[in-house]
Amino acid sequence: MTDELEHLLSLASKNIRPSPIREMLHMVRQPGMISFAGGMPDPEIFPVEQFQEAASVISREGKDILQYGTTEGYPPLKEFIAEWTIPRMGRKLTPEEILITTGSSQIIDLLCWALVDRGDYVICEEPTFLGATGTMFNHGARFLTVTCDENGMLVDSLPGIIEKAIAEGGKIKFIYTIVNFHNPLGCDLSLERRIKLLEIAKKYGILILEDDPYGYVRFEGEEIPSVFSLDREGLVLYACSFSKILAPGTRVGWCAGRENIIRKMAIFKQGTDTCTSVVVQAMVWEYCRLGYLESFLPKIINHYRDKRDQMEKAFQAYLPVDKVSWLKPKGGFFYWMTTPGIMAGKLFEKAIEKKIAFVTGNAFYPTGSGGEHNFRMCYTFASPEMTDIGIKRLGEAILESE
Ligand SMILES: Cc1ncc(COP(=O)(O)O)c(C=O)c1O
C-alpha cells in the first residue's frame, strides 16, 4: 500500500505487531548460516511415502472431499481424534466438542474472536510462545504475566494478580498455558500446579487455554494428566496439532472444549476460511487410519531424543559451563539457555557474525521486558554435523561476548 493510502488502514493494522522471529528469520536465511532459531521439525523425518499413500484417499473419496466441507471439520477425522485422544482427554470427546482448525495457531485467533474485547486481559506464562501473544495482541488483549520455574507457571501468584486486575476494573478472559515441553522453556507444568490452576480458574470464572502441540513428543518421564482431563466444569479449551507429530505443512490442528465456545469459534472460522482444507483433512485421516500416526510416533520420538542428546553432548563439550546454564528437556523441541553475565542481544550479534542463530529471550516476553540473559535453542532442525559445528561456534561466541 502506498503512503497516500495510509489513512485507509484500520486501527488494528496500524498497531499490528510483526513476529520478531519472522523478522529474525530473514537474517538467518543467509548462506552458510546454521540456525537453531525456528521451531521447525526435521524434514528428514517427514513420512513422505506414507503421506503419499494416504493421498490415495482422493481416488476413493474424491467426489466428497473436493467439495466444500463443514466448518467444524471432516467427520471421519473428528471421529479418529475422539478415539485416539481418549487416554489424554480422560474420556471420548463428542463431535460437538471438537473443532478442526487450520493449524493450532488458528485456535488462538478464534478463541480471541470468541472471548476478547479490546482492553481485556489474558493471563500468560512469562516467557511464552510469541506466536500466541502476537495474535492476542492483535485482538487488543492486554497481558497479565506469571513467572515460571522448572515446574511451569507459579500458580500461587495467580490469585493476587487476578484480584488486583479485577479491583482495577479489568476483565480477565482466559489463562494461556503450554503444559508440556513449554515453548520456550522446555518444562512441564506439574500435576500439583495443574490441579491448583483449575481450582483458581473455577474460583474466578476464567477459561483456560491448554496449548499442547508437544505433549506427544515425550522422550522420558511419566505423562502428566491433561488439565482438560482433570476438569469437571468445562473450563478448559484443549489445543493440539498435527504439526509436530506428522508435518506442519498439513496445517491441521484441533481443539476440544465446551460446546458453546466451540460453536462460537466455528462461526468465526466460517468467516475466516469456511473450513480447513477438506482434501488435507482427509489425507491426514487416511494416514491415521492406515496406522501411520501410531507407527511413526515412536520414530519421531526416537529421532528427536537422539537430536536432543546430541545437542546436550555438544553443550558439554564446547560451552563454558561457568558462563551458561541450561535444563535438559524431557521432550519437545527446545533448550532454554541462561547467561547471567552476558546480554543475549550482544551474544546474538556475535553469533550472527559466526553464522549461527537462535532466538533471544526477550522475544518471548509479551510485556516487552525480561529474558535479557536468555535465549532459545531448537534442536530438532539442524543436522547432527551442523549441530556440532554450531555449538562449537556458540561456545566461542559466549567467550567473546563477555
Ligand atoms: C506452543 C505452540 N502453540 C502453537 C503452535 C502452532 O502450531 P501450528 O499452528 O503449526 O499447529 C506452536 C508452533 O510452534 C507452538 O510452539
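Residues numbered from 1 in each chain as written. Predicted model: local features only at pLDDT ≥ 70, side-chain atom pairs only at ≥ 80, totals over all residues. Heavy atoms only, no water.

Draft legend 1. Region of interest: the environment of Ser401. In this fold, Ser401 is placed in the segment after helix H16 (384-400). For Ser401, a relative accessible area of 4% translates into the label buried. A C-alpha to C-alpha distance of 50 Å links Ser401 and Trp285, two positions 116 residues apart in sequence. With residues near it in sequence (within four places) discarded, Ser401 still touches Ile342, Lys346, Leu347 and Lys350. Of the polar contacts made by the side chain of Ser401, one reaches the backbone oxygen of Ala397; its length is 2.6 Å. (Helix = DSSP H or I, 4+ residues; strand = E, 2+ residues; numbered from the N terminus. Buried < 20%, exposed > 50% of the residue type's maximum accessible area, 1.4 Å probe, protein only. Contact = heavy atoms within 4.5 Å. Polar contact = N/O pair within 3.5 Å; in protein donor to acceptor, adjacent residues only side chain to side chain.)

Draft legend 2. Spotlight on the sheet that holds strand E13 (residues 359-360). If you walk across this open sheet you meet the four strands as E10-E11-E14-E13, and the pairing is antiparallel. Two strands bound the open sheet, and with one partner strand each, they are strand E10 (325-326) and E13. With five bridges joining them, strand E11 (residues 334-338) and strand E14 (residues 374-378) adopt antiparallel strand pairing. Across the sheet, Trp336 pairs through a bridge with Arg376, a residue of E14. (Pairing = 2+ DSSP bridges.)

Draft legend 3. Fine view of the packing of aromatic side chains. If you walk through the whole model with that rule in mind, you get 18 aromatic pairs. A ring pair is formed by Tyr74 and Trp285, whose centres lie 5.9 Å apart and whose planes are at 70 degrees; its orientation type is edge-to-face. Here Trp285 lies in helix H13 (residues 278-289) and Tyr74 lies in the loop between helix H4 (57-65) and helix H5 (75-84), a separation of 211 residues in the sequence. Judged on exposure class, the residue Tyr74 and its partner Trp285 are both buried. Arranged with centres 5.7 Å apart and planes meeting at 70 degrees, the rings of Tyr335 and Tyr379 form a pair that is edge-to-face. Separated by 44 residues along the polypeptide, Tyr335 in strand E11 and Tyr379 in the loop between E14 and H16 bring together distant segments of the chain. Across the pair, Tyr379 and Tyr335 agree in class, each one buried. Taken together, Phe219, Phe315, Trp326, Tyr335 and Tyr379 form an aromatic cluster joined through their ring pairs. When the ring centre of Phe333 is taken as origin, the NZ or CZ atom of Lys244, which lies over that ring, is 5.1 Å away. (Phe/Tyr/Trp six-rings, centres within 6.5 Å; stacked < 30°, edge-to-face > 60°. Lys NZ or Arg CZ within 6 Å of the ring centre and 35° of its normal.)

Draft legend 4. Just the site of the ligand, in detail. Near the ligand you find 14 residues, and of these Ser105, Asp211, Tyr214, Ser241 and Ser243 are the closest. Measuring from an oxygen atom of the ligand, one finds a backbone N or O atom of Ser104 at 2.7 Å. Here the ligand loses 92% of its free accessible area of 400 Å² to cover by the protein chains. Here the shell around the ligand is composed, by residue class, of five nonpolar, six polar and three charged. (Near = heavy atom within 4 Å. Areas by Shrake-Rupley, 256 points an atom, 1.4 Å probe, with all protein chains shown as cover. Nonpolar A, V, L, I, M, F, W, Y, C, P; charged D, E, K, R; others polar.)

Draft legend 5. Expanded view of the nonpolar core. Counting residues in each nonpolar core, the largest one holds 112 residues, and the members touching the most others are Leu158, Phe242 and Met377. Considering each element in turn, this core owes the most residues, 10 residues, to helix H14 (residues 292-318). Counting contributing residues, this core receives three or more from each of domain 1 (8-37 + 295-400) and domain 2 (48-292). Residues within four places of Phe242 in sequence aside, it is in contact with Leu77, Ile81, Ala247, Thr250, Val252, Trp254, Val284, Cys288 and Leu293. Membership of the second largest hydrophobic core comes to 26 residues, among which are Val122, Met136, Tyr176 and Ile178. (Core = buried A, V, L, I, M, F, W, Y, C linked by side-chain atoms within 4.5 Å. Domains from an automatic or database assignment.)

Draft legend 6. A look at the sheet that holds strand E5 (residues 152-153). The strand order across the open sheet formed by eight strands is E2-E9-E8-E7-E6-E3-E4-E5, and the pairing between neighbours is mixed. The outermost strands of the open sheet, each flanked by one partner alone, are strand E2 (98-102) and E5. The pairing of strand E7 (residues 207-211) with strand E8 (residues 236-241) spans four bridges and is classified as parallel. Of the residues in E8, the one forming a bridge with Glu210 is Tyr238. Along the sheet, H5 contacts E2 and strand E9 (252-256); its crossing angle with E2, the most-contacted strand, is approximately 115 degrees. Its contacts with the sheet place helix H9 (residues 158-167) against strand E3 (121-126), strand E4 (142-149), E5 and strand E6 (172-178), and it is angled at close to 165 degrees to E4. (Axes fitted to C-alpha atoms, helices over the stretch in contact; angles between N-to-C directions.)

Draft legend 7. Quick peek at the domain arrangement of the chain. Under the domain assignment used here, the chain contains domain 1 (8-37 + 295-400) and domain 2 (48-292). When each unit is reduced to the centre of its C-alpha atoms, the spacing between domain 1 and domain 2 is 25 Å. Buried surface at the junction of domain 1 and domain 2, both sides included, amounts to about 2900 Å², of which 65% is carbon and sulfur. Counting the surface domain 1 buries against domain 2, the share from its top three residues, Arg17, Lys330 and Pro366, is 21%. Seen at the junction of domain 1 and domain 2, the total is one salt bridge. When the shortest N-O distance is used, the salt bridge between Arg308 and Glu220 registers 2.7 Å. Across the contact surface, domain 1 and domain 2 share 11 residue pairs in polar contact (both at pLDDT 80 or more). In terms of residues, the side of domain 1 that touches domain 2 owes the most to one element, H14, which gives eight residues. Counted by class, the side of domain 1 that touches domain 2 contains 20 nonpolar, seven polar and five charged residues. (Buried area = accessible area lost by both parts, 1.4 Å probe. Salt bridge = Lys/Arg side-chain N within 4 Å of Asp/Glu carboxyl O.)

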